[in-house]
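# Structural description and commentary
Here is how the chains run, residue by residue.
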Amino acid sequence: MIGRSGDPEIGPATPSSIRAHPRKSAVDFSSEAQSINFRLLNYRFFLMVFDFDFEKRRMLGYKLIDRVNEYFSSLPERSVQLPSDQRTFSELGETLPEVGADALAVLEEACTELIEHGFHVPSANYFGLMNPTPTYMAVLAEMLVAALNPQLASLARSQLAARIERETVHWIGGRVGWDRPFDGTFTSGGNEANFSAMALALAHYFPEAVEDGLISTGKRPVLYTSTEAHHSLDKSAGLLGLGRTALRRIAVTANAQLDPAILETRILQDKTQRFAPFCVVATAGTTNSGTIDDLDILAEICQRHHLWLHVDGAYGAAAIFSNQHRKLVQGIERADSITLDPHKWLAMPFSSGLILTSRPETLEQAFAVDTPYMPRSSAATLLDNFKVSTQWSRRMNSLKVWLTLRVHGRQAYEELIHRQLELARSFAQWAQGSDDFELAVPQVLPIVNLRVKLPGAPEEQVQAANEAVVQEVTQDGQRWISTTFVNGRSVIRVMVISYLTEERHLEDLKKALMTAAKKR
Ligand SMILES: Cc1ncc(COP(=O)(O)O)c(C=O)c1O
């Protein structure tokens, strides 16, 4: 139980703690009473502020880093969560603390609770959604960013930080292979990056809408994506005033790729009905199955119809970091804009997203505003970040990527991408040859979709079987997989996302899957 008063770490303030924080007053206290008042005043002031002395900062920091270090050591064997009968999701029920408590005890309590009762996305046994084990350099970067708190809205207040951010954008954008100028900006993630891409495309084709709204265009802009594309696109279409129905969801092929023939028919149909097609959103790595749309064919359709091509590569665009596997996203260099989330395949902690564009002028067209109060730097040759982004105050989400690249280099990602693709390929082969399961969709990226093998059974029965298997496999908390739907069919979804995952973890998962399939 954490004490709330008389706390030895914080107060009541002793004369020495007051001495450690001398705050001189201009008032001359002549009487003893006045002197006591002065001390009380100082004492109250001391309680109001948040600073710790040098030793205490050091002690707390070391304690935390020890916990984090132990946690990292545990990740290769760590269960993802508690067994199902011990998981709790109720409110904590603490009242708002009026006074503080011992910092070390509170920190220890938070670490213990979060680690012992938490859900461990960074575990090697998390075969989950697109959330990785963060690199350790990224963890350190996050602390540095929080301590320095650079304000990346304007260059004048961030200077080196803003230049690191721009350098990181250019390192990543440089891997796309654009033969024309490009630019981009960090985002909070794929949702904001996709929203930004749509805003750029709108600003490009309907510049008047930025000031006067879509109504001023006298047109009904529409855009296209596959039925498998991420739902951040629906959100964005609604928020940009296009309306969610303006996002035409195009059916996919048997391989879960956007069907180009259906797309082109729909574009032509929309044109005859006086809609104004302006953008196609291709996906490089769908959330459900990791499918990559045929980017070259979609680029050709966009060229024919003068449409903006956005590639939502929140996950899969990271393949540009691999010389060997870059061909997976062949055609990405034909995009007008790309979403790439370092907090997915590049092993960054939340949050770190990126919008890149080969039409850099649109960033300013869509986002720039003038203010009298933002500090200016006369020497600046770059644009302030608030003029090229949906964000204003802005966290430095690039340092973790920059430091990781500086310390490990691109080749570390080349290796990561290759290893995870190999692990997934071997797992998919196992599923395909299994007596209990079948492969539901071809494996392209390190995501495997399988189904319980029930030849001739109705879809509801397969769905129930898939769910029962996942329930059984995840019940003890050791590992995590999920169910989803691909092209309307229920699948079990297994993703290799942690850089700590090895063959032995997948062997363990296979055993758990086979046992669960037999138990049904
Ligand atoms: C393909 C795709 N695009 C966009 C997003 C949204 O990204 P974020 O969660 O970083 O906002 C996701 C999330 O998983 C995704 O899978």
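The coordinates are above.
Residues numbered from 1 in each chain as written. Predicted model: local features only at pLDDT ≥ 70, side-chain atom pairs only at ≥ 80, totals over all residues.

## With respect to the site of the ligand
The local shell around the ligand holds 14 residues, among which Gly189, Gly190, Asn191, His230 and Ala314 are the closest. By residue number, the principal contributor to the shell around the ligand is helix H7 (residues 190-205), which donates three residues. The residue makeup of the shell around the ligand, split by class, is three nonpolar, nine polar and two charged. (Near = placed C-beta within 6 Å. Helix = DSSP H or I, 4+ residues; strand = E, 2+ residues; numbered from the N terminus. Nonpolar A, V, L, I, M, F, W, Y, C, P; charged D, E, K, R; others polar.)

## Let's talk about the sheet that holds strand S8 (residues 437-439)
Read across the open sheet, the four strands follow the order S8-S9-S11-S10; overall the sheet is antiparallel. Taken across any chain shown, the strands that pair with only one partner, and hence form the sheet edges, are S8 and strand S10 (482-486). For this sheet the average axis-to-axis angle between neighbouring strands, irrespective of direction, equals 45 degrees. Where S8 and strand S9 (residues 447-452) come together, three bridges link them in antiparallel fashion. Each bridged residue has a counterpart across the sheet, and for phenylalanine 437 the counterpart in S9 is valine 452. Helix-sheet contacts for helix H15 (residues 459-474) involve S9, S10 and strand S11 (489-495), and the interaxial angle to S11 is about 25 degrees. (Pairing = 2+ DSSP bridges. Axes fitted to C-alpha atoms, helices over the stretch in contact; angles between N-to-C directions. Contact = placed C-beta atoms within 7 Å.)

## Remarks on helix H9 (residues 232-239)
Buried within H9 are the following residues: Ser232, Leu233, Ser236 and Ala237. Along the axis of H9, the buried residues cluster in a sector spanning 135 degrees; they form a single face. Against H7, strand S2 (220-226), strand S3 (247-250) and strand S4 (275-283) lie the buried residues of H9. Where H9 terminates, the next one or two residues include glycine 241, which has phi positive at roughly 80 degrees. (Buried ≥ 20, exposed ≤ 12 C-beta atoms within 10 Å, placed from the backbone. Arc of directions from axis to C-beta.)

## Description of the nonpolar core
One finds Val280, Leu309, Ala317 and Ile332 to be the most contacted residues of the largest nonpolar core, which totals 122 residues. A per-element tally of this core places H7 first, with nine residues. Structurally, this core is a two-domain feature, drawing no fewer than three residues from each of domain 2 (57-133 + 412-520) and domain 3 (150-390). Setting aside chain neighbours within four positions, we find leucine 309 in contact with Val280, Ala282, Leu298, Ala299, Cys302, Arg334, Ala335 and Asp336. (Core = buried A, V, L, I, M, F, W, Y, C linked by C-beta atoms within 7 Å. Domains from an automatic or database assignment.)

## Section: the pairing of S10
As paired elements, S10 and S11 share five bridges and run antiparallel to each other. For threonine 483, the partnering residue across the bridge sits in S11 and is isoleucine 492. Counting the residues in the hairpin turn of S10 and S11 gives two residues, including asparagine 487, whose phi is positive at 50 degrees.

By themselves these figures say nothing about function.
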